[in-house]
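# Remarks on the overall topology
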Amino acid sequence: MALEVEGLKVHYRTVKGDVRALDGVSFSLEDGEIVGLAGESGCGKTTLGKSLIRLDGRMRHMGGTAVLDGTELPIGDDRAMNAHRWKEVSIIPQYSMSALNPTRKIGKMTAELLRSRGKSYRELKDELVRRLELVGLSEKVLDNYPIELSGGMKQRVVMVLSTLLDPSLLIADEVTSALDVTNQKAVAETLVRFRDMGFVKSMIVVTHDLSLVYQIADTIMVMYAGQIVEKASAETIIKSPKHPYTKALIGALPEVGLEYGDERLKSIPGKPPHLLNPPTGCRFRDRCPLASEECETEPPKVAVEAGHEVSCWKAVD
Amino acid sequence: MGRYFRRKLLIYGLTFIIAVSINFAVPRLMPGDPVARMLTRNSVANLESSEAMRGYFNDLFGLDVPLWKQYLNYWAALFQGDLGVSVFAFPAPVSSVVADALPYTLALLLPSILLSWVVGNALGAMAARNKLLDNGALPIGYVLTAVPYMWLAILLAWVGGILLGWFPVAGGYSFALTPAFTWTFIADLFHHWFLPFLSLFVVALGGWAIGMRNLVIYELESDYSNYLQALGAPNRLVRRYAFRNAVLPQITGLALQLGVVVGGALVTEVVFAYPGLGSLLLNAINNQDFFLLQGILLFIVIGVLVFNFLADVVYVLVDPRTRLGLEGGQS
Ligand SMILES: Nc1ncnc2c1ncn2[C@@H]1O[C@H](COP(=O)(O)OP(=O)(O)OP(=O)(O)O)[C@@H](O)[C@H]1O
Ligand code: SF4
Ligand SMILES: [Mg+2]
């Protein structure tokens, strides 16, 4: 078991009160597993990714644990967490295009960053160049400023840099959203290659593009309003989803070019609840065609079959 | 990049020619006859000698030839460093009158601008990451920048010069002394210099500090800072990058500030009766000394143009983003 997350709660402090962006999230990840994380905008995907590596100033760890390779991650302790960052958990952020210091040459920045983490640039240089070449970049980019590279090239640099220390867990947040279709495919394939070559052990791929994640993910988790509502193999999620929300996401989609986004969700009447004061019981209740009285209490997590978990009262029907 | 600078140089060159031409035209279009004023000043009542004098002065000031010739002569003289003769300080040449005043202005402005820049940036960068300093020092900075400079200068002169009596409130040095390279005289110069310097230093300080604080905070919240922190970079590295990037626009700002160096201390020099270019400018206007006025304005124009060009160069060279953008070939 590479990663074991149990009852994770992370809130945003705001003037109006706490936004419960993660409200009791539990899941686990096997070594070598790529899991896709999908869900409507604002459901907490980025929050989940960030919680596992670095909380920003407004985020508060309210409970729950994350155990990576047998060691509990000190999620709420920014300082203690530092030792784990990059070496054990790493991230390809949503903003890869602007993730590099614009006034430093890429090689120099990498060297300074490595040195600050007690690593030797000289020792790692050969491996760095090898991996850059693997993603189709030449050694010369190390002498470039970020502005001299295209968006796709910057993204690949960030991918190589983030995984340079062979982290156990990689979080890839919307890595393909800003790219054109050809680049999207290349990036997705690169992620798989990184896993196959052992640069990273397991991976959480946050995405808006279900069809893309279907091609690379072993497992897909669907999130709704700060909670995980269904988790199953990619095949199962796409072909025979059990949760009404997942069905609404998938069912409306054409068979080919499975693409979904917020437009699709407009066909489900209503909006997700605000996370300042989430309703009790099933959070999808207001929009669910199957909702009934029992849905006013929190639905249990049901394992409908091995590796297929659904949080819904009607899952077994 | 070469093309960019050639174009800039061309624009600055044209601006210079136009500025000099306007400088030539304005006094001649103004009402009043400088020669007539010279004559009344020297109270030449006798009509005959007055006529002779007028001829002499017209010749001296070069006013007895057609306008186009005056214009050409003006340019020719300019390149020989000849700016004409001052009416107010007759018969001293304008260039030497200006050259006498210039060191005072420079001595006031250069240190105050440079020091306020260095100290302001350091304070701002510290405030950006220190809540206590931010809450304590920054409001003072805001007040300082909001206070009208005139008011602050008068207050300083009043407190430091009259109330406490620590500093003289007028002049560049004591009239009892004659300028000489002695310790007494230098100490006296410094004594007179301090209050006007302080007033300029203090007003500029707040602006630099606030600007730097906001720039550093912006950089610390930018994506690359977040990425570095996600990869576990120590605060030291993150702050160093943020500071370096934040200081780039400040460097351009400094070069622009230096552009006003020559003409920038008018109010200071008036309030503290300091004998720099600003005071001289005021004297020239009061005495309708057009040649002197021309000379001073020329210096100001040259100062502004040179430092603006410098700012352009610095802006491009210091930041790889602009530098590389230009190397791409587009202007
Ligand atoms: N800084 C913040 N302050 C307060 N609330 C926040 C903040 N950032 C996010 N939230 C809230 O937390 C919830 C989850 O946000 P998150 O960014 O994790 O969503 P997401 O699933 O990544 O969305 P997207 O698909 O749009 O990236 C949202 O309801 C959002 O309003
Ligand atoms: S628990 Fe009830 S409301 Fe929630 S998804 Fe299942 S059926 Fe719908
Ligand atoms: Mg997101």
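Residues numbered from 1 in each chain as written. Chains lettered and ligands numbered in written order. Predicted model: local features only at pLDDT ≥ 70, side-chain atom pairs only at ≥ 80, totals over all residues. Heavy atoms only, no water.

### As for the environment of Val157 of chain A
Residue and element names in this part refer to chain A. In this fold, Val157 is placed in helix H5 (residues 151-162). On the basis of relative accessible area, Val157 is assigned to the buried category, the value being 4%. In this structure, the C-alpha to C-alpha distance between Val157 and Ser96, residues 61 residues apart in sequence, is 9.0 Å. Ignoring any residue separated from it by four or fewer positions in sequence, one finds Val157 in contact with Leu100, Ile106, Leu137 and Leu149. (Helix = DSSP H or I, 4+ residues; strand = E, 2+ residues; numbered from the N terminus. Buried < 20%, exposed > 50% of the residue type's maximum accessible area, 1.4 Å probe, protein only. Contact = heavy atoms within 4.5 Å.)

### A closer look at the packing of aromatic side chains
All names here are of chain B. Under the defined criterion, the tally for this structure stands at 18 aromatic pairs over all chains. An angle of 85° between the planes, with centres 5.7 Å apart, marks the rings of Tyr104 and Tyr274 as edge-to-face. Here the residue Tyr104 occupies a position in helix H5 (residues 94-129), and Tyr274 occupies one in the loop between helix H11 (266-271) and helix H12 (277-286), the gap between them amounting to 170 residues. Comparing Tyr104 with Tyr274 shows no difference in burial state: the two are buried. Between the aromatic rings of Trp193 and Phe197, the centroid separation amounts to 4.4 Å while the plane-to-plane angle is 15°, which identifies the pairing as stacked. Separated by four residues within a single helix, Trp193 and Phe197 lie in helix H8 (residues 183-220), roughly one turn from each other. (Phe/Tyr/Trp six-rings, centres within 6.5 Å; stacked < 30°, edge-to-face > 60°.)

### What to know about a positive patch on the surface
Together, Lys105, Lys108 and Arg115 of chain A together with Arg244 of chain B give the surface a local cluster of positive charge. Looking at the secondary structure, you find Arg115 of chain A in helix H3 (residues 106-116). With a relative accessible area of 57%, Arg115 of chain A lands in the exposed category. (Patch = residues over 30% accessible without salt bridge, like charges linked within 9 Å, V, L, I, M, F, W, Y side chains within 5 Å. Areas by Shrake-Rupley, 256 points an atom, 1.4 Å probe, with all protein chains shown as cover. Salt bridge = Lys/Arg side-chain N within 4 Å of Asp/Glu carboxyl O. Lys, Arg positive; Asp, Glu negative; His and termini not counted. Charge placed at Lys NZ, Arg CZ, Asp CG, Glu CD.)

### Quick look at the nonpolar core
Leu3, Phe27, Leu191 and Ile204 of chain A together with Leu228 of chain B are the most contacted members of the largest nonpolar core, which has 105 residues in total. With six residues, strand E2 (residues 17-29) of chain A is the single largest residue contributor to this core. Once residues lying within four places of it in the same chain are set aside, the contact partners of Phe27 of chain A are Leu3, Glu4, Val5, Leu48, Ile204, Met221, Ile228 and Lys231 of chain A. Counting residues in hydrophobic clusters, the runner-up holds 33 residues, among them Leu156, Met212, Val247 and Tyr274 of chain B. (Core = buried A, V, L, I, M, F, W, Y, C linked by side-chain atoms within 4.5 Å.)

### Things to note about the site of ligand 2
Every residue lining ligand 2 is accounted for by His243, Pro244, Cys282, Phe284, Arg285, Cys288, Leu290, Ala291, Cys295, Cys312, Trp313 and Lys314 of chain A. Residues of the shell around ligand 2, tallied by class, amount to nine nonpolar, one polar and two charged. (Near = heavy atom within 4 Å. Nonpolar A, V, L, I, M, F, W, Y, C, P; charged D, E, K, R; others polar.)

### Brief notes about the environment of Ser112 of chain B
Residue and element names in this part refer to chain B. Position of Ser112 relative to the elements: it lies in helix H5. The exposure class assigned to Ser112 is buried, which follows from its relative accessible area of 2%. Here the alpha-carbon distance between Ser112 and Val202, two residues 90 residues apart in the chain, equals 8.4 Å. If we ignore the near neighbours within four places in the chain, the residues touching Ser112 are Phe197, Leu200 and Phe201. For Ser112, the side chain forms a polar contact with the main-chain oxygen of Leu109, separated by 3.0 Å. (Polar contact = N/O pair within 3.5 Å; in protein donor to acceptor, adjacent residues only side chain to side chain.)

### Here's the deal with the confidence of the model for chain A
Residues and elements named next belong to chain A. Across chain A, pLDDT averages 89, with 94% of residues at or above 70. Within chain A, helix H10 (residues 262-265) has the poorest average pLDDT of any element, 50, and strand E6 (residues 89-92) the best, 96. Counting interchain partners and residues more than four positions distant, the pLDDT-below-50 stretch residues 254-260 has 18 contacts. (pLDDT = per-residue confidence, 0-100.)

### Some points on the site of ligand 1
Residue and element names in this part refer to chain A. Around ligand 1, the surrounding shell holds 17 residues, and the nearest of these are Ser41, Gly42, Lys45, Thr46 and Thr47. Within the side chain of Ser41, a nitrogen or oxygen atom sits 2.4 Å from an oxygen atom of ligand 1. About the coverage of ligand 1: the protein hides 72% of its 630 Å² of free accessible area. When residues of the shell around ligand 1 are traced back to their parent elements, those giving at least two are strand E1 (3-14), E2 and helix H1 (45-51). The element that contributes the greatest number of residues to the shell around ligand 1 is H1, accounting for three residues. Of the residues that constitute the shell around ligand 1, the class distribution is five nonpolar, eight polar and four charged.

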